[in-house]
Amino acid sequence: MSFSFAGCTSPSAAQFTRESKSVTLSNPFEDCFPIFALSSESLSSDRRADIRLDEIVQSTIILGVTSVNPAQLGDVVSDTIFENGWLLQGSELAFQSSEFKEPYPLSLKDLVEGDYVSIELHEDRSLWFSVNGIVFGRAFYDLPCKVYPVVGMYGKRVRVTFCDFPPTLNDFLDSAVTDDPHLSLAAPGTNIMLSEDATTASRISSDMEHNYVFTNRPLNLGEIFHVKLESSSERWSGAMEIGLSESQFQWCESENMPHCILLLRGTNVLFNGAVIDGNYCPIAVEQLNCGDRLGISISLRRDVHFYLNDVDLGPVSNPGVLKGNFYGFVNMYGKTTKISLVDQELGKFHQSEAHPVDENRCSHPDNAATPPQTGIFENAVTGPGLKIGNNGLILIRDGQNSFAHCIAFFDGMQFVYVPHKFRIDRICEQAPRGSLSIGMTNCNSYTSESASSRDFRRGTVVINSDGLISDGRVTDINLSDFNNFHSAFLKMEVGDNFSVELIRDAMRLVINNQDVCAFDLNFPILGDTRIFMELSSKVTQLSVIPDDTTAMFISDYLPEDVQPLRFHCRHGNNCSIEGQTAYRPNPDNEFSDAIVMSHRPLADNELFEISIDAISEHWSGSLEIGLTSIDPDKMVFPKTMTQITTDIWMISGSAVVHNGNTIWNNFNCNFDQLKIGSTVGVMRRSDGTMHIWLDGVDQGIACVDVPSRVYAIVDLYGQCHRVSIVNESRGQISTRDLTSQPSALRKQLLHSFYPNSSGLEMNLDCTEAHRIPSDARNSIIVFSNKPIIPGEVFRIEVNQVSQSGGAEFKFGLCNFDPSLKKVDFSELENYWFTCYLSGSDVYQNYKLVHQCYCPSLIAPGVILGLQYFADGSVRFSLNDMQFHRIQCDVPKNCFAFFDMGGSPVSVIRTKSLMLKAAYSKKSRTRPEGSQCRKARSPSDEPSFDVNHGLGIKLSEDNRSATRISTDQAVVVVEQPLQVGKAIDVKIDEAEDGLSKNLAFGVVFPNDVNNLELPNEIRKLKSKFLVVSKLGIIEDGYLIASKFPLLDSWLQPGVHIGLLLDFEHSVHLLINGVDQGVLIRDAAQPCHAILDMKGCISRMTITPNYLEDVKLESEKATLVDSIKEQNTKSASGCPYVKLCNSFRKSLRLPEAYFTDDEKSIVCYCETCNKERGTEMCFKQGEPVKPFTLPKEWVKFNTKLNSSVVPDFATWQVAYHCLPWRQVRRLLDVGSLVVPEEQTVRPNIPDLTLIGEQKLTEKFGSSILLSPTIQYCSLDMFCPPVAFVYDSIRYKAKLAVQVWVKPGACTHSYPSISPTKVYDPSIPLNEHEWLTKEKLATSISSLLVKVIPDIPS
């Protein structure tokens, strides 16, 4: 007996035909409440309800079951069905109006007319859905005894029918087979030649266009289009691309693709030109060798799968269900010269051994010398949302955005007294809170088909993001061990591991081998107890960490931290990798953009070593090497390593650089002098120091405080263009003697004690002090012989400890000079500054400043250390383990001291190593025999400080600065400005072809030697004010634009000076003539600073040039004068008056805008010609171009946002909007996503051009563009009528905004994707979309007015 409809919740809106087997929604309501039609028969385990979709026109359907009796339909409304139903809405499962909705792999939105949907009820009372014979898994469980199929409808027109004999899956597959079952190659491009049997394609010439070849017919569902790389050419970069196309079109460039193109390029999957699944492929396609294979298929669920060497890489993040027929195609681009079609009937091929694929996605060779170990996942029972790979060693969630049916069950007996360790390999950042769920159950009714462990109610205990859940209820546990464990459990990331073991009546969980992160989960263990794990949150892939006792000889099966080192597949654009070798393909024409990284973090004391294989004499500069904590998958590779400004420690030439700032010049080796055959290495020691190796010799410490889990990073810059990894013991931890003597290049300075100390005996060189046993003093203090300088580490070693002493030792700093007199500790602490460590606490003049700072440990061999910094902070160390810095305002010229009186210590000796002071480039130690350092006399001639950028070289007693690189060309005058004395710098040389620019001004550092100098002066972190051609910049903000920096000032022979007058105002001098006040009431001390990043190549300080300067104290400051000039030029333009009139008609508060008309900038054609500036600029990190708003007028606004933009890193874009939204956005100060707009959002109506999905796209995202020519189209920015002087105009409004890096997705224009709206902006970056809140900040309002000419 078949099913039929009994009626619906709104009889007047539906019609029943065909003996009530078909229902049609004929009179749709205007609102969005669905109309439900109920079956007259109930669903049972032996009866399946099959529904055919006959007609769907701009409508939506809901399918499921309900417990409502059809006989009571007269009193039933839609809400009743929701409250008593188990329904599938879109791709979510709704259970009796529950707020929690579970995702489901089937989406009803993707169904089309003619599809068949089946609703099945199994014997265990679980409900299942299937479409066209494809089963999508269990949706609900524990349903009541009687449930009735129900169909919900709303929209324009819907017709569905109950079917008696629906087609089977085989019927659908048979109908998909074409007349030609044989797959071959066809429709080649003009540069492709096919073999006679159409199974091989060869490229005819080196032309990179018209290299496409297609399949002879569309692919069937489940059919794999497999090609093999037969030959390649190393003359080119890039590689083949494989994908799907709706038709056998031919086009010239892959950048200008027609719609409905999906392809694999590099490691990313693109759909219609936009990346939809980044880093999908574990290795870049460019790294494939001859014999490797690529494949693509459309599964029965119409998911797209790619294959690499016969290994399924998993479904692509769904760009929307692919409807219709698709041809397979290959673009034989770059290196690829010949491919062949792989016959699937020949069986599986073994994976190429040339490139072992990353274990995260792919399995290992079948023909390895030793068969791989079988993992515990091999015997696990998993849900349909999980996949098992690598012989049970890997568990993968099938689809990152699918969180249902991802449970794996294990036999609990496998874990009894046998710990199993697992590692997290992949996570999904967009997933909900938490990592994964782990638990135990004694109930056999739960199966792997269960949608979620949250549904488990009986005989189950589980730990997840909510805490500890027992029998479905959250258990409140206030135990510290659980809180520690749960906190670590929620924070697990990629690379973390955890172990599971059953001990007695408890499951023991340990995270990262730490007992503090362990917890015993008490639970009765029976013979049928099962362990289960659920990958329903961030974690998408787990792997088994094999037992250490198991012999494993395949490198890729080794734990990650002992795999042989190799280069990561991601690297700079101008670099290629072949095995263990990295090189620049075109070394004579390109010198940068060739950064490479290690494929995994270095272990402590592991050496990453490379050999120099080739050098080009065409360039200056050479290899740079270092460490970074940035993951290669998240790295945005710049042109050079010095442009990386976060989490990097490196050597460039002979300079040590940290986060883009030079912290140490003249290191023990110079990489600019490397030769072919030299070896260079980098290592992070377990004490957090970075060591550099040259030709097998440790050159000493380059950086300190380097965190763990860092990657090696190398820049093939300048002369060095080819390197190879030197592997010792297959990349295991280096066997070099790390305790060997340091090289002769390392500079040491041993401290000594002050010789005249009572109660002590010392050796000849005063490096060892013995307490006299007969001296019963309570205070015996030993001092250092010299003051401690900033950055220096002073260490002492305890040699003997007596049994008599009982008081705590005191070790620290004081500003008492031991040459003055003898003091005891009480007098020292009462009358002098002291900061010291006593036991485990830190004191400052009797005051406890930090309790339990470090362990209290005094024994023979213990090493105590302290380090004083220029900012007044101090740090102590114990056995070379450094603790955090404490701010104690330590004065200068402090001596180290150790109080041995009353303490158990009887013998100490110095063990100090002079580390180069951070940012200090000069030795500050005083001459032997002197009691204090000689201060510089005010009459000393001014000179440049040795703390300068890498691109500067000093000469002539540091009075002359020569720019040797266009990067890092900041230099500071060492002496501060003095009242009445000018600092004058003469331009000696200038280069043609570079920008006419020079930045100069004043900086206010606490210590010029500790000033961190960035790549560009505008990124300086200290307070500063400089002038340049861009304008006047104060503390990184442009406070006045269009500075009149004349080109005649930037010529050889011109003198530029700064003078501090008696009112502490700084004057700018050009050739001795006062140009005005740069800044009033300047703080002291202040230093002159210059950035030579421009045409100026050499400058020299001339101390005697300025002797008598006539100052104009009444002259306005340069900032005020510039604003006056800008006001006059803007207000005089008639177009500005027209646009300003429209702005004032909006009745916006003037408080929104800065200085009213003084901040107006006009971009009409006349004003642009007068300024003569370029229309395209670049801004942000990474740098993105944007163009000025031509034919618009800009009104600068005040910063009124809760988000303060970083002007150095944020990017610039435009957003157009209707006039009704202006007031709201200016109130907020940032853009608002459409859902939160009180006014109807500006959603373009794109249905007229056949792109209906774009309306939804723009309805949920904010549209921005770096060119206003695109976002100001009438479709996005409708004009508004405006009348001025009795003339009709049309006006448009836009805002210029700062945009947070990474907040937007960039793509081709949705309107006419091949049309170039602005040639200055790449076509694939015309359209920016963002849904992120607080990612924009409005900087100005833009107005455009044009005459309204009747058509």
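Cut-off values and rules
Residues numbered from 1 in each chain as written. Predicted model: local features only at pLDDT ≥ 70, side-chain atom pairs only at ≥ 80, totals over all residues. Heavy atoms only, no water. Helix = DSSP H or I, 4+ residues; strand = E, 2+ residues; numbered from the N terminus. Buried < 20%, exposed > 50% of the residue type's maximum accessible area, 1.4 Å probe, protein only. Areas by Shrake-Rupley, 256 points an atom, 1.4 Å probe, with all protein chains shown as cover. Pairing = 2+ DSSP bridges. Axes fitted to C-alpha atoms, helices over the stretch in contact; angles between N-to-C directions. Salt bridge = Lys/Arg side-chain N within 4 Å of Asp/Glu carboxyl O. Patch = residues over 30% accessible without salt bridge, like charges linked within 9 Å, V, L, I, M, F, W, Y side chains within 5 Å. Polar contact = N/O pair within 3.5 Å; in protein donor to acceptor, adjacent residues only side chain to side chain. pLDDT = per-residue confidence, 0-100. Contact = heavy atoms within 4.5 Å. Core = buried A, V, L, I, M, F, W, Y, C linked by side-chain atoms within 4.5 Å. Phe/Tyr/Trp six-rings, centres within 6.5 Å; stacked < 30°, edge-to-face > 60°. Lys NZ or Arg CZ within 6 Å of the ring centre and 35° of its normal.

A. Structural context of the overall build of the protein chain. When you go through the protein chain residue by residue, the secondary structure sums to ten helices and 91 strands. Taken over 1351 residues, the protein chain has a buried fraction of 54%. By element, 49% of the accessible surface of the protein chain is carried by carbon and sulfur atoms, the whole surface being about 59,100 Å².

B. Representation of the sheet that holds strand 66 (residues 895–899) within the structure. Spatially, 56-66-58-59-60-61 is the arrangement adopted by the six strands of the open sheet, whose pairing is antiparallel. Only two strands of the sheet have a single partner each, and these edge strands are strand 56 (781–783) and strand 61 (847–850). Shown here is a sheet whose adjacent strand axes are inclined to one another by a mean of 25°, direction ignored. As defined by bridge partners, strand 58 (residues 810–814) adjoins strand 66 across five bridges and the pair is classed as antiparallel. Residue pairing for strand 66: K810 is matched across the bridge by D899.

C. Focus on the pattern of salt bridges. Considering all chains together, one arrives at 23 salt bridges under this definition. For the salt bridge of R265 with E241, the shortest nitrogen-to-oxygen distance reads 2.7 Å. Taken together, the residues R265 in strand 19 (residues 261–265) and E241 in strand 18 (residues 241–245) connect sequence positions 24 residues apart. Its relative accessible area of 5% is what places E241 among the buried residues. A salt bridge links R684 to D604, with the shortest nitrogen-to-oxygen separation between them at 2.6 Å. Here the residue R684 occupies a position in strand 49 (residues 679–684), and D604 occupies one in the loop between strand 43 (595–597) and strand 44 (607–615), the gap between them amounting to 80 residues. You can call R684 buried: its relative accessible area is 9%. Classification of D604 as partly exposed rests on a relative accessible area of 34%. Each member of the salt-bridge network shares a partner with another, and the members are R52, D54, E55, R157 and R159.

D. The sheet that holds strand 42 (residues 581–583), seen in detail. Spatial ordering of the open sheet is given by 41-42-53-44-49-50-51, a layout of seven strands whose pairing is antiparallel. Every other strand in the sheet has two partners, leaving strand 41 (576–578) and strand 51 (697–703) as the edge strands with one partner each. The average angle at which neighbouring strand axes cross in this sheet is 25°, direction not considered. As judged from the four bridges shared by strand 50 (residues 690–694) and strand 51, these two strands associate in the antiparallel manner. Bridging across to strand 51, H691 finds its partner in I701.

E. How the structure looks around a nonpolar patch on the surface. Side chains of Y1037, L1199 and V1204 sit close together on the surface and give an oily, nonpolar patch of about 290 Å² of accessible area. Residue position: V1204 is located in the loop between strand 84 (1193–1196) and strand 85 (1211–1216).

F. Unusual backbone geometry, seen in detail. Of note, N958 is a non-glycine position whose phi angle comes to about 65°, a positive value. By the element assignment, N958 lies in the loop between strand 68 (952–955) and strand 69 (960–963). For E1191, which is not glycine, the phi dihedral falls at a positive 70°. Within the element layout of this structure, E1191 appears in the loop between strand 83 (1184–1187) and strand 84.

G. Representation of the pairing of strand 29 (residues 394–397) in the model. Of the two faces of strand 29, the one holding I394 and I396 and the one holding L395 and R397 are both buried throughout. Taken together, the three bridges between strand 29 and strand 40 (residues 539–545) define a ladder with antiparallel strand orientation. Looking at the pairing, I394 lines up with S543 of strand 40.

H. Structural view of the side chain of T1336. When you line up the elements, T1336 lands in strand 91 (residues 1336–1347). With relative accessibility at 3%, the residue T1336 sits in the buried group. Polar contacts involving the side chain of T1336 include one to the main-chain amide nitrogen of L1231, which spans 3.0 Å.

I. Structural view of the confidence of the model for the protein chain. Here the protein chain averages 76 in pLDDT, while 77% of its residues score no lower than 70. In the predicted structure, residues 345–372 sits below a pLDDT of 50 and forms 64 contacts with residues beyond four places in sequence or in another chain. With pLDDT under 50 throughout, residues 1123–1129 is counted as low confidence; its partners more than four residues away or in other chains account for six contacts.

J. Examining the pairing of strand 2 (residues 14–17) more closely. Direction of pairing for strand 2 relative to strand 3 (residues 22–25): antiparallel, over a ladder of four bridges. Across the sheet, residue A14 finds its bridge partner in strand 3, namely L25. Taking the residues between adjacent antiparallel strands as the criterion, strand 2 and strand 3 are bridged by four residues, where R18 takes a positive phi near 55°.

K. Fine view of the side chain of T1102. As for its position among the elements, T1102 is in the loop between strand 80 (1096–1101) and helix 5 (1118–1131). Those residues within four positions of T1102 in sequence are excluded, and the remaining contacts are D984, K986 and H1055.

L. Region of interest: the nonpolar core. The biggest cluster of nonpolar side chains holds 40 residues, and the ones touching the most others in it are L43, L106, L127 and F129. In contact with L106, other than residues within four places in its own chain, are L88, G90, S91, L111, F129, V131 and F136.

M. Layout of the packing of aromatic side chains. All told, the structure shown has 28 aromatic pairs when counted by the stated rule. Each ring, one from F214 and one from F329, has its centre 5.8 Å from the other, and the planes form 40°; the classification is tilted. In this pair, F214 is assigned in strand 16 (residues 212–215) and F329 in strand 25 (residues 327–331), connecting sequence segments 115 residues apart. Classification of F329 by relative accessible area gives buried; the value is 0%. Plain terms: the ring middles of F825 and Y836 are 5.2 Å apart, the flat faces sit at 85° to each other, and that makes the pair edge-to-face. Of this pair, F825 sits in helix 4 (residues 825–831) while Y836 sits in strand 59 (residues 834–838), placing them eleven residues apart in sequence. The same class applies to F825 and to Y836, which are both buried. Members of the aromatic cluster, connected to one another through ring pairs, are F3, F5, F16 and F162. Positioned above the aromatic ring of Y583 is the side chain of R722, whose terminal nitrogen or guanidinium carbon lies 4.9 Å from the ring centre.

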